[in-house]
Amino acid sequence: MAERGTLRHAAKNWRVLMGGALLLALVIAAVFAKSLAPYDPLDQDLSAQLAPPDWHFAADAHPLGTDSLGRDVLSRLIYGSRVALTVALVAGILTALVGTALGLAAGFFGGWADTVISRAVDIWSSFPPVLLSIILVALIGTGLWSVVAAIVLIDWTRFCRVVRAETLKQRRLDYVDAAIVAGLTPGRILWREIVPNILPLALVLLTLEMGIAVVIEAILSFVGLSISSDAPSWGGMIAEGREVVHEAPWVLTGAMLVLLATVLGFNILGDGLKAELDPVLR
Amino acid sequence: MSDDVLAIENLSAAIRNGPTLLHEISLRLAAGEVHGLVGTSGAGKSMIGRCVLGILPAPVRVTAGGIRFLGKQLVGLSERDRRAAGASLALIPQDPLSALNPSRRIVSQMTDVMRLRLHLSHAEAYARALAMLDEVHIRGPQDVLRRYPHELSGGMRQRVLIATAFACEPRLIVADEPTTALDVTVQKQILRLIRELQRKHGTSVLFVTHDLGVVAKICNSVTVLNAGRIVEQAPVADIFLRPQDAYTQALFAATPRYDRPGDTLRPLPADFA
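Just so we're clear, the structure is a prediction, and the values are computed from it rather than from any experiment.

1. Considerations on the confidence of the model for chain A
(1) Moving on: Overall, the predicted model of chain A reaches an average pLDDT of 87, with 93% of residues at or above 70.
(2) Moving on: Per-element confidence in chain A is highest for helix 4 (residues 73-109) of chain A, whose mean pLDDT is 94, and lowest for helix 1 (residues 2-10) of chain A, whose mean pLDDT is 60.

2. Side note on the environment of Ala165(A)
Residue and element names in this part refer to chain A.
(1) Moving on: Here Ala-165 lies in helix 7 (residues 144-171).
(2) Moving on: Ala-165 sits in the partly exposed class, given 14 other C-beta atoms within 10 Å.
(3) Moving on: A C-alpha to C-alpha distance of 15 Å links Ala-165 and Pro-196, two positions 31 residues apart in sequence.

3. Considerations on the sheet that holds strand 5 (residues 72-73) of chain B
Residues and elements named next belong to chain B.
(1) Moving on: The strand order 2-1-4-5 describes an open sheet built from 4 strands, whose pairing is antiparallel. A single partner strand is all that each edge strand has here, and the edge strands are strand 2 (20-30) and strand 5.
(2) Moving on: Bridge analysis of strand 4 (residues 60-69) against strand 5 gives 2 bridges, and the strand direction is antiparallel. Across the sheet, the residue bridging to Phe-69 is Lys-72, located in strand 5.

4. A few points about the pairing of strand 8 (residues 204-208) of chain B
All names here are of chain B.
(1) Moving on: For strand 8, a buried count of 5 out of 5 residues is recorded, marking the element as mostly surrounded by other parts of the structure.
(2) Moving on: Here strand 8 shows a buried face lined by Ser-204, Leu-206 and Val-208 and a second buried face lined by Val-205 and Phe-207.
(3) Moving on: As paired elements, strand 3 (residues 34-38) and strand 8 share 4 bridges and run parallel to each other. Directly across from Leu-37, in strand 8, lies its bridge partner Val-208.
(4) Moving on: In the sheet, strand 7 (residues 172-176) pairs with strand 8 via 5 bridges, with the strands oriented parallel. Across the sheet, residue Val-174 finds its bridge partner in strand 8, namely Leu-206.
(5) Moving on: Traced from strand 7 through helix 7 (residues 184-201) to strand 8, the parallel crossover comes out right-handed.

5. Let's talk about the nonpolar core
(1) Moving on: Grouped together as the largest cluster of nonpolar side chains are 81 residues, with contacts concentrated most on Ile162(B), Leu206(B) and Phe207(B).
(2) Moving on: Ranked by residue count, the leading element in this core is helix 6 (residues 154-167) of chain B, at 7 residues.
(3) Moving on: Ignoring sequence-local partners within four residues, the contact set of Phe207(B) consists of Val34(B), His35(B), Gly36(B), Leu37(B), Ala175(B), Ile218(B) and Cys219(B).
(4) Moving on: With 67 residues, the next largest nonpolar core counts Leu64(A), Val148(A), Ala202(A) and Phe266(A) among its residues.

6. Considering the interface of chain B and chain A
(1) Moving on: Across the boundary between the two partners, chain B contributes 24 residues, which contact 16 residues of chain A.
(2) Moving on: The residue inventory of the side of chain B that touches chain A, partitioned by class, reads 14 nonpolar, 6 polar and 4 charged.

7. Focus: the sheet that holds strand 7 of chain B
Hydrogen bonding along the main chain pairs the strands of a sheet, whether they run parallel or antiparallel.
Residues and elements named next belong to chain B.
(1) Moving on: The sheet built from 6 strands is open, its strands ordered 6-7-8-3-9-10 with mixed pairing. Since the sheet does not close on itself, it has two edges, and those belong to strand 6 (89-92) and strand 10 (229-235), each with one partner. The sheet shows a mean angle of 15° between the axes of neighbouring strands, direction not considered.
(2) Moving on: The sheet contact formed by strand 6 and strand 7 spans 4 bridges and is parallel. Its bridge partner being in strand 7, Ile-92 is matched across the sheet by Ala-175.

Procedures and definitions
Residues numbered from 1 in each chain as written. Chains lettered and ligands numbered in written order. Predicted model: local features only at pLDDT ≥ 70, side-chain atom pairs only at ≥ 80, totals over all residues. pLDDT = per-residue confidence, 0-100. Helix = DSSP H or I, 4+ residues; strand = E, 2+ residues; numbered from the N terminus. Buried ≥ 20, exposed ≤ 12 C-beta atoms within 10 Å, placed from the backbone. Pairing = 2+ DSSP bridges. Right-handed = clockwise from strand over helix to strand, strands pointing away. Core = buried A, V, L, I, M, F, W, Y, C linked by C-beta atoms within 7 Å. Contact = placed C-beta atoms within 7 Å. Nonpolar A, V, L, I, M, F, W, Y, C, P; charged D, E, K, R; others polar. Axes fitted to C-alpha atoms, helices over the stretch in contact; angles between N-to-C directions.

Spelled out as structure tokens, the structure:
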């Protein structure tokens, strides 16, 4: 009942609407890439290298131009959304799970668990994240799943910190004492009483984290540490486009714009959800 | 006396590697009795209640003495045994907002406890929650059960908490300044309500407060605390008519009197504060 009410209310929030629309476009592009893309993203046409955008909708037109190997930019952008979406979902959710679990444990149980986890967070966050991810990927090898692993290993601290602080705050509220007096076991108090109060926060963080994951993947693609440079990814396109930016600015521009729109979508959605999910603010 | 509901014997508690908060506290509470714990801030009155309920803040430990509840020693029990022994204990907390989980409806918060403690089914627990809300004079209990805590007024929330506390037929309720966070008119109703239910159910109440007026209204006997020590312990009439200890006398002298408007307020003498 309230859940449906919340959804209906959230649907009137322009941030949720706009963020949701941007991300919906991303999902559609990723899922229906095959039917949406006019060309195969790997097809090279050496007779049409760096062709400018062509809006005549002829059968062999390239609406957003081609890159230095004559590959269709629009098709590569559409297929690149698959990489972005995969990374956003898988890395985002895994990061959220790991970070939230550790943050809950640290905040709820305190003592040595808190000491160990909090010190690990401190040490972890003293490394520059991009450098750390490059080292990690260099160590475990390139590829999409290495990128996901690197994102999880780097960004779990973001969740851990915030969730720990919020758990500490909730832990001190009287309702937890009341639950102890009522005879609930610690596990049940954590799961039934505290987690529901952490969830909105974790969800907001998750949407932001998805945006961050997309950016990290683009950075790693840019330096050639993500999927193979042949396969379409936005970061890789930015890297290629940079080399020909004077002759063919459309390669760089297209990839940058979709990256921007995606991250913006995640951030706006996170902002909107923050306002909608808090039962008191609502 | 073996028929005491609660017997605290020479209880001492301290912060680990720190100061002692409670010095050899002893008190007895018979069935159906309301016992007041009074004192200024930091006197240790809430700490006694927390010792009984087993919700001491992390660095505080019971260092000596015991708490006998219904003949069973509570100090030194494992967490699991403690949960079982606490089945006839309940709490009416100070702040009725933070004592309810903000993200859960009233209904699940009330029925959870009953299903756990009384082994009721969903339907039975729901029926009992309705009956209890009726007992605390809440109109439209079905509607209240559907609400989230922030949708209710402070007095309403405190009524819900009182209903929850009495729902499992506890033998002892610790009321930790239950009226402090409420405004004066609601305070009076809440006090009357606790008194009414306590009589009806024959529940003993350990009533923590700093308000001597509240003590006079609701308690049978009183323990006056200062800096973690018992200053005076007596039936309520004795304390009010013949306070023996200098601290108790100072406490009474410091109470503002609405019936003597010309009086100046007298603070507690510095050596007590």
